[in-house]
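# Coordinates in review
Residue-level listing of the chains:
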Amino acid sequence: MFRRIIMFALVMGLALLVLFLAIVLGDRAPWYLAWVLGTGTIVLVAAAGGAMYDAQQEEAASRKSPDRA
Amino acid sequence: MIDSTVVELSRIQFASTALYHFLFVPLTLGLSFILATMETIYVTTGKTIYKEMAQFWGKLFLINFAIGVATGLTMEFEFGTNWSFYSSFVGDIFGAPLAIEGLMAFFMESTFVGIMVFGWDRLKRGQHLAVTYLVALGSNLSALWILIANSFMQDPQGARFNPHTMRMELSSFTDLIFSPDAQAKFVHTSIAGYVTAAIFVCGISAFYLLRKRHVELANRSFRVAAVFGVLATLGVITLGDALGFVGGHAQPTKLAAMEALWKSEKGPMPFSVVAFPSQKEQKNYAEIQVPYALSLLVTHTLDGSVPGADQLEAEAAQRIRNGIPAVKALQALSRDPGDQSALATFRAHQKDLGYGFLVQGFQKDLDKVTDADIQAAARYSMPPVWPVFWSFRVMVAAGFTMLAFFVLAMIFSLQNSVDKRRWFLKIALWMIPVPFIANEVGWLVAELGRQPWTVFGVLPTWMSASTHSVAYMVFSLAGFVLIYSSFIVVEMFLMVRAIRQGPDEPHGPAAPALSTSHAEA
């Protein structure tokens, strides 16, 4: 329970920090904010693309040998 | 007055060291985030092939990082050795971001690079991933600070000149770091690094696919880099437009040089896709133009106008006339700091102080300045048009070529057909130099376009250099070229050896098509 509360506080702190940064950067530094959001998006979409490759391979393998499905 | 040969040699020396250094930096910026992407997939899926990928590309990252740091170190000292007046004049502003950049690069980035490389067996997966993200963040934040310093040279914000200390002083740190030029330049440069790394990973992966070696690793690396690259290229083109928009307002002479605009016209203005500018005659030969495009690109309207060299030179001449009393007042204040009349004159004309300095390159004694000197200085206020114009076009063409490449790379990779298209894999291999060329010419646009100033509109280049002898400059320039060329040879040798050797494959060279066999227990 105690660990969950600590985790909740940490994540809440992080969320508040992100909100604060979004407000401050969004107002004074829109391109810096765009970099933070853009880099995050690029990394996550590229990671999803990589994971999708595995899913495609597994699907192709299961189509070739239905026993494995 | 400093010997003009020494100034030119100092410029060549800085340009050559910066261009050498800038061969390594973008790859570090981008590859660090590609490593983080690969490791993210490893941590979330548990498939060890992604760990092998992160380790293999991490080895190439390390080689590049080491040479990048070695070539960057000397540049920090070069400001002091070869540009001592510049360092003294703007050191209060320029020094702070430069110092933070050093701290970021050598403390944060280097520390975490060490932990990333040696921590695979010592840290938990999540901890190691956090370290890899900190390496990526450290690399890019280190670039942020040097680009903030550079942006001060392009568009001096957050500083004012103190006539008593005869130096620029920091007036607002937030204005310095949040200047529009700093923001757009950082994001454009950082994402250009992502594109560089994505092309690099695609190219090396294509090399393996062509030779049917490390196929599983190469296919996955290609997929990650293709998706990473297509988004990054869209970003770099968008930010290139933003930088042009911001820079066009802050440095109209650079914009006029980029577009070889000699005469001011009323909008809508055409964009010259091809032209052969003659600076002497102030006209272009063999122009191929697209109607409306320049107004749209630079002003984001269909009928906006952009000032040409004729208007900018007339404005510079006026500013030179206004700047001469400021320099004279400064000379009076250096003789008598309590001279209130000189201080009042200085205050009235200080915004054009830099232009007063500029004309001193043509006539040292300001009492003897003629109209011809003013006209010559005004004409000199335009940067060299031909190299800026063509560098810009090469950069833009490279950007769109890379976008087309990544779109095809992503489509072929999503179809899982990239390894069957040998023609495309060969193109991918030949694409490796393209982002490096784009980065180098991009640097030339930014820095040649700033001429004849070290700090735009404030400090002319001819005043900024140190008073070395020509022999000293020739000797040190030759030394730098020799040492840096050997760095490139070492980097190429280590890279090629690591690539030929390939990744360590615990699964053997022909790992089976992915299945749960890659899942870590």
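Residues numbered from 1 in each chain as written. Chains lettered and ligands numbered in written order. Predicted model: local features only at pLDDT ≥ 70, side-chain atom pairs only at ≥ 80, totals over all residues. Heavy atoms only, no water.

### Overview of the overall build of chain B
- Helix and strand content of chain B: 18 helices and six strands.
- Compactness check: chain B gives a C-alpha radius of gyration of 25 Å against a globular reference of 24 Å for 521 residues, within 12% of the reference.
- When its C-alpha atoms are laid out on the principal axes, chain B stretches across 85 × 50 × 40 Å.
- The buried share among the 521 residues of chain B stands at 57%.
- Counting only contacts in chain B whose residues sit at least 6 apart along the sequence, the fraction spanning at least 24 positions is 78%.
- Carbon and sulfur atoms provide 66% of the accessible area of chain B, an area that totals close to 20900 Å².
- Between the mean site of the 37 positive side-chain charges and the mean site of the 38 negative ones, chain B shows a separation of 8 Å. (Helix = DSSP H or I, 4+ residues; strand = E, 2+ residues; numbered from the N terminus. Rg over C-alpha atoms; globule rule 2.2 N^0.38 Å. Buried < 20%, exposed > 50% of the residue type's maximum accessible area, 1.4 Å probe, protein only. Contact = heavy atoms within 4.5 Å. Areas by Shrake-Rupley, 256 points an atom, 1.4 Å probe, with all protein chains shown as cover. Lys, Arg positive; Asp, Glu negative; His and termini not counted. Charge placed at Lys NZ, Arg CZ, Asp CG, Glu CD.)

### Regarding the confidence of the model for chain B
Residues and elements named next belong to chain B.
- Confidence along chain B averages 89 in pLDDT terms, with 97% of residues attaining 70 or more.
- The low-confidence segment residues 508-521 (pLDDT under 50) makes 27 contacts with residues lying over four places distant or belonging to another chain.
- Interface confidence for the predicted complex, expressed as ipTM, amounts to 0.87; the pTM equals 0.89. (pLDDT = per-residue confidence, 0-100.)

### A short note on the interface of chain B and chain A
- With 37 residues of chain B in contact, the opposing surface of chain A contributes 24 residues.
- Both sides of the chain B and chain A interface together cover about 2800 Å² of buried area, and 67% of this is carbon and sulfur.
- At the surface where chain B touches chain A, the tally comes to three salt bridges.
- Across the salt bridge formed by R28 of chain A and D175 of chain B, the nearest N and O atoms sit 3.2 Å from each other.
- The tally of links between chain B and chain A comes to 16 residue pairs in polar contact (both at pLDDT 80 or more). (Buried area = accessible area lost by both parts, 1.4 Å probe. Salt bridge = Lys/Arg side-chain N within 4 Å of Asp/Glu carboxyl O. Polar contact = N/O pair within 3.5 Å; in protein donor to acceptor, adjacent residues only side chain to side chain.)

### Re a positive patch on the surface
- The grouping of R211, K212, R422, K426 and R500 of chain B at the surface amounts to a positive patch.
- Structurally, K212 of chain B is set in the loop between α6 (180-210) and α7 (215-250). (Patch = residues over 30% accessible without salt bridge, like charges linked within 9 Å, V, L, I, M, F, W, Y side chains within 5 Å.)

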